[in-house]
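Observations on the model geometry
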Amino acid sequence: MSDTTELTMLQAVNEALHLEMARDDRVVVLGQDVARNGGVFRATEGLFEKFGEDRVVDTPLSEGVIVGAAVGLAMSGLVPVAEIQFLGFSYQAMHQVAGQVARLRYRSQGRFEPAITIRSPFGGGVRTPELHSDSLEGQLANVPGLKVVMPATASDAKGLLSSSIRDPDPVLFLEPLRGYRGIRGDVPDGEHLVPLGEARMARRGDDLVIIAWSYLVEMACRVSDALADEGLSVAVLDLRCLAPLDLAAIAAAVDHCGRVVVVEEASQTGGFAGEVVATIVEECFWSLEAPVVRVSGLDVPYPVGMVEDAFVPDEARITAAVRRTLETA
Amino acid sequence: MAQPSDDQLRAILVDMVGARVQARRLWNLQRQGQVGTLAPIDGHEAAIAATAHALDPEQDWILPQYREPLALQRFGSEVLDRYLLYNVGHPAGSHLPPTVRVAPLQISLATQIPHAVGLAWGMTLQNQPGVVTVFFGDGSSSEGDFYEAGNLAGVLGVPVIFLCINNQWAISTPLHQQTAAETIAAKAAAFGMPGFTVDGNDAAAMYDAVNEARTRALAGQGPTLIEAHLYRLGAHTTADDPTRYVPAEELEEARRNDPIDRLRAHLVERGLWDDGAHAATEAESLARFDEAFDRARATPIAPDAVLDHCTTVDSQRLARQRALLLDPEGVES
């Protein structure tokens, strides 16, 4: 067994970046404030000092060209890791993300390898200004060609980011703002790879499964732990990746438990929880013992601080949904 | 100042004449329903062919918009082959072999300009020689990507030639509704790079301007914006009827300035070209086209080709979709 070190999710992200840049000199980091400042959250801290100004580059304040230039860098044979400072600002790059990055391989019929990773923090609960908290994973997962990776633990943040950077397909690597310093755990030292597209059982259980991703896995685990004291056996399935989606893991968990709650932070209508529910209906309809319930963000723009707690699913809402689903005959 | 040699001028004219007759053939094939919607090249031949001849296909890149391929013969015969494959709707039409330094057509306007900056940046970081030339139109100069990419190119000082084909029209929108700036080249000042307006109907002037920009770029002196001033002599695409909005007298005036007529007259005057050479060039270009078109139509296609090259490995869901496509009895389940 290799040794582990307790890290925050932010430190885990930083460690993966250091390791991948040291391992492969084709890896370049670009974005706003990623070089001298080490990123506004310090995710890229130390990279500039260690790998120099050619490989760690502060760009103009220009999301579209950060992503668009990453396409060209990939065409030249480099492996760009671009940072969008907050996912809500990626709307200003969405034409490049969805229209170009995602289809570079397809529209060149395999000539160009879009080995591009776009890192971006997202999600609420930290009282940010407008557009700093939006959860856009469902919109991104709807774009063919993109991989959407959303770690829930510090260990996965490192292992999935290393895998994402090495992956020949484009990856949107979404990091929960609340998790940067709020999630910590033992992380394997040295090289640590977690394959993309394999879900993880975060809690084993028999009565019901909560399906979640990113920070809400942490919250679902707290709910599971609290209900265990009452003798309820609630599993938590951490999807880890929305694309590619681990259909088999979803089916296995639902077939085993028969009752499901899907939680997400994004607005509900058209969101990814709906995709998970549709998958469950297609794969496991006859295993279901109760209607599937979604706990989602509300169908309004992500709100300001005094009302944001009403928007983001919390333990009380998840617990209530779990109890109701368990009580359904 | 590097004027093109006589041989180069002749080679440029050969490519221009070829592009014109092949474009007409393609237009007729579209009217017969044999190819999809496409953008004719009429009037753009000098600007595109002369640019290609001022570049080195061994080390320079061209990122096209969508009107250019027929005049890019210099970058490899595969450009025509794949363009025809593209027009018959075969997925492989977007694939060029690694030796051909031309990117696939870009239908989304101006989005290729940031790619050009990134590509030139990556080449510089890897100490690869060469420049990246990116084509776009006057309409594209209104897109955010043009400004964002121009700004970044200026900051980085990368070897990019921004080649704006100003043909006066973005479908039906005339230039004066596209910009209030005196020229598009003037916008280079805001990027901290030189900008030039060139007569895009003058092949020698185009060659000279691109050659100079390339020399500067190779010397590490950064990007250049070149505005090729010309006139769209044909329709925007096969789906467009320009008689609804292009003033007839304006088009008539532009036709008197046809870039092929100009270069032809110049070379004839100097004893470098004659009617026989012209007719032979047209015939050879059409024979070459017909042969390539027959091959394009005969190119086989796998029943699940639509799913290829989306990602390196099929996801669980894609694998099911592929199985369904390959199973003639397949039903959604």
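Here is what the cut-offs are and how they apply
- Residues numbered from 1 in each chain as written.
- Chains lettered and ligands numbered in written order.
- Predicted model: local features only at pLDDT ≥ 70, side-chain atom pairs only at ≥ 80, totals over all residues.
- Helix = DSSP H or I, 4+ residues; strand = E, 2+ residues; numbered from the N terminus.
- Rg over C-alpha atoms; globule rule 2.2 N^0.38 Å.
- Contact = placed C-beta atoms within 7 Å.
- Buried ≥ 20, exposed ≤ 12 C-beta atoms within 10 Å, placed from the backbone.
- Core = buried A, V, L, I, M, F, W, Y, C linked by C-beta atoms within 7 Å.
- Pairing = 2+ DSSP bridges.
- Axes fitted to C-alpha atoms, helices over the stretch in contact; angles between N-to-C directions.
- Nonpolar A, V, L, I, M, F, W, Y, C, P; charged D, E, K, R; others polar.
- Right-handed = clockwise from strand over helix to strand, strands pointing away.
- Parallel < 35°, antiparallel > 145°, perpendicular 65-115°, else oblique.
- Left-handed = near helix turned anticlockwise from the far one by under 90°.
- Domains from an automatic or database assignment.
- pLDDT = per-residue confidence, 0-100.

**A look at the overall build of chain A**
In terms of regular secondary structure, chain A is built from 13 helices and 14 strands. Taking 2.2 N^0.38 as the reference for a compact globule, 329 residues should give roughly 20 Å; the C-alpha atoms of chain A span a radius of gyration of 19 Å, in line with that estimate. Each principal axis of the C-alpha distribution contributes one length, and for chain A these read about 60 × 45 × 40 Å. Long-range contacts, defined here as pairs at least 24 residues apart, represent 79% of the contacts in chain A between residues at least 6 apart.

**Looking at the overall build of chain B**
Scanning chain B from terminus to terminus reveals 12 helices and 7 strands. Over its C-alpha trace chain B gives a radius of gyration of 21 Å, about what one expects of a compact globule, namely 20 Å for 333 residues. Counting over 333 residues, chain B shows a buried share of 48%. For chain B, the share of sequence-separated contacts (at least 6 apart) that also reach a separation of at least 24 residues comes to 74%.

**Quick word on the nonpolar core**
If you look at the biggest cluster of nonpolar residues, it comprises 200 residues, and the most contacted ones within it are Val148, Ile210 and Val261 of chain A together with Val117, Val160 and Ile226 of chain B. When residues in this core are grouped by element, the largest group, 9 residues, is from helix α3 (residues 63-75) of chain A. Residue contacts for Val148 of chain A: discarding those within four places in its chain leaves Glu137, Leu140, Ala141, Leu172, Leu174, Cys241, Leu242 and Ala243 of chain A.

**Concerning the sheet that holds strand β2 (residues 132-137) of chain B**
Residues and elements named next belong to chain B. Reading across from one edge, β1-β2-β3-β7-β6 is the order of the 5 strands in this open sheet, with parallel pairing throughout. Each edge of the open sheet is held by one strand with a lone partner, namely β1 (61-63) and β6 (195-199). Adjacent strand axes in the sheet meet at a mean angle of 20°, parallel and antiparallel pairs treated alike. Sheet topology note: the β6/strand β7 (residues 224-229) ladder contains 5 bridges and is parallel. When the bridges of β7 are listed, Asp199 appears paired with His229. Contacts between helix α4 (residues 112-125) and the sheet are confined to β1, β2 and β3 (160-166), with β2 contributing the most and set at about 170° to the helix.

**Concerning the interface of chain B and chain A**
The partner chain A presents 37 residues to the 34 residues of chain B that form the contact. Residue assignment for the side of chain B that touches chain A shows that the elements contributing at least two residues are α4, α5 (144-156) and α12 (316-326) of chain B. Residue classes in the side of chain B that touches chain A are distributed as 16 nonpolar, 15 polar and 3 charged.

**Structural notes on the pairing of strand β11 (residues 234-238) of chain A**
Residue and element names in this part refer to chain A. Here β11 lies mainly inside the structure; 5 of its 5 residues are buried. Bridge count for strand β9 (residues 200-203) against β11 is 3 bridges, and the pairing is antiparallel. Its bridge partner being in β11, Arg203 is matched across the sheet by Val236. Bridge count between strand β10 (residues 208-212) and β11: 5 bridges; the pairing is parallel. In the strand pairing of β11, Leu208 is matched with Val234. As a crossover connection, the stretch from β10 through helix α9 (residues 215-228) into β11 is right-handed.

**Observations regarding the sheet that holds β11 of chain A**
Residues and elements named next belong to chain A. Ordered by their spatial adjacency, 5 strands build an open sheet running β9-β11-β10-β13-β14, and the pairing between neighbours is mixed. Where the open sheet ends on each side, the last strands, each with one partner, are β9 and β14 (293-297). Neighbour-to-neighbour, the strand axes of the sheet open up by a mean angle of 25°, direction not taken into account. Pairing between β10 and strand β13 (residues 260-267): 3 bridges, direction parallel. Bridge pairing in β13 places Ile211 opposite Val262. Docked against the sheet, α9 engages β9, β10, β11 and β13, running at close to 170° with respect to β11.

**Points about helix α2 (residues 45-54) of chain B**
One full turn of an α-helix is made of 3.6 residues, so residues set three or four places apart face in the same direction. The buried fraction of α2 of chain B amounts to 10 of the 10 residues, a majority that puts the element mostly inside the structure. What α2 of chain B keeps buried is the set Glu45, Ala46, Ala47, Ile48, Ala49, Ala50, Thr51, Ala52, His53 and Ala54 of chain B.

**Let's talk about unusual backbone geometry**
The amide bond that connects Ala243 of chain A to the next residue, Pro244 of chain A, takes the cis arrangement and shows omega of 0°. Looking at the element boundaries, Pro244 of chain A is found in the loop between β12 (241-243) and α10 (247-257). If you check the backbone angles, Arg240 of chain A has positive phi at about 65° while not being a glycine. Tracing the backbone shows Arg240 of chain A in the loop between β11 and β12. The buried category is assigned to Arg240 of chain A, around which 27 C-beta atoms lie within 10 Å. If you check the backbone angles, Gln168 of chain B has positive phi at about 80° while not being a glycine. Structurally, Gln168 of chain B is set in the loop between β3 and β4 (169-170).

**Here we look at the pairing of β2 of chain B**
All names here are of chain B. Most of β2 is tucked away: 6 of the 6 residues are buried. Taking every second residue as pointing to the same face, both faces of β2 are buried, with Val132, Val134 and Phe136 on one and Thr133, Phe135 and Gly137 on the other. As paired elements, β2 and β3 share 6 bridges and run parallel to each other. In the strand pairing of β3, Val134 is matched with Phe162.

**Describing the packing of α9 of chain A against helix α13 (residues 315-327) of chain A**
Residue and element names in this part refer to chain A. Relative to each other, α9 and α13 sit at 55°, their axes nearing to 9 Å. As judged from the angle between their axes, α9 and α13 are oblique. Like other packed secondary-structure pairs, α9 and α13 cross with a definite hand, here right-handed. When α9 is examined against α13, the residues Met219, Ala220, Arg222, Val223 and Leu227 are found in contact with a partner set consisting of Glu315, Ile318, Thr319 and Val322. Taken together, the residues of the contact of α9 with α13 sort by class into 6 nonpolar, 1 polar and 2 charged.

**Examining the domain arrangement of chain A**
All names here are of chain A. Domain boundaries in chain A define domain 1 (4-188) and domain 2 (200-327). Taking the mean C-alpha position of each, domain 1 and domain 2 sit 26 Å from one another. Facing the 25 residues of domain 1 at the interface are 23 residues of domain 2. Each residue belonging to the side of domain 1 that touches domain 2 can be placed in one class, and the counts come to 11 nonpolar, 7 polar and 7 charged.

**Things to note about the packing of α3 of chain A against α4 of chain B**
Running from N to C, α3 of chain A and α4 of chain B point in directions that differ by 50°, and their axes come no closer than 6 Å. When the axes of α3 of chain A and α4 of chain B are compared, the pair comes out oblique. Regarding α3 of chain A and α4 of chain B, the two cross each other, and that crossing is right-handed. Listed contacts from α4 of chain B to Gly64, Val65, Gly68, Ala69, Ala70, Val71, Gly72, Leu73 and Met75 of chain A of α3 of chain A are Pro114, His115, Ala116, Val117, Gly118, Leu119, Trp121 and Gly122 of chain B.

**Observations concerning the environment of Ala235 of chain A**
Tracing the sequence through the fold places Ala235 of chain A in strand β11. Placed 73 residues apart in sequence, Ala235 of chain A and Glu308 of chain A show a C-alpha to C-alpha distance of 27 Å.

**A short note on the confidence of the model for chain B**
The pLDDT averaged across chain B works out to 96; a share of 99% of its residues lies at or above 70. Here the predicted complex carries an ipTM of 0.96, next to a pTM of 0.97.

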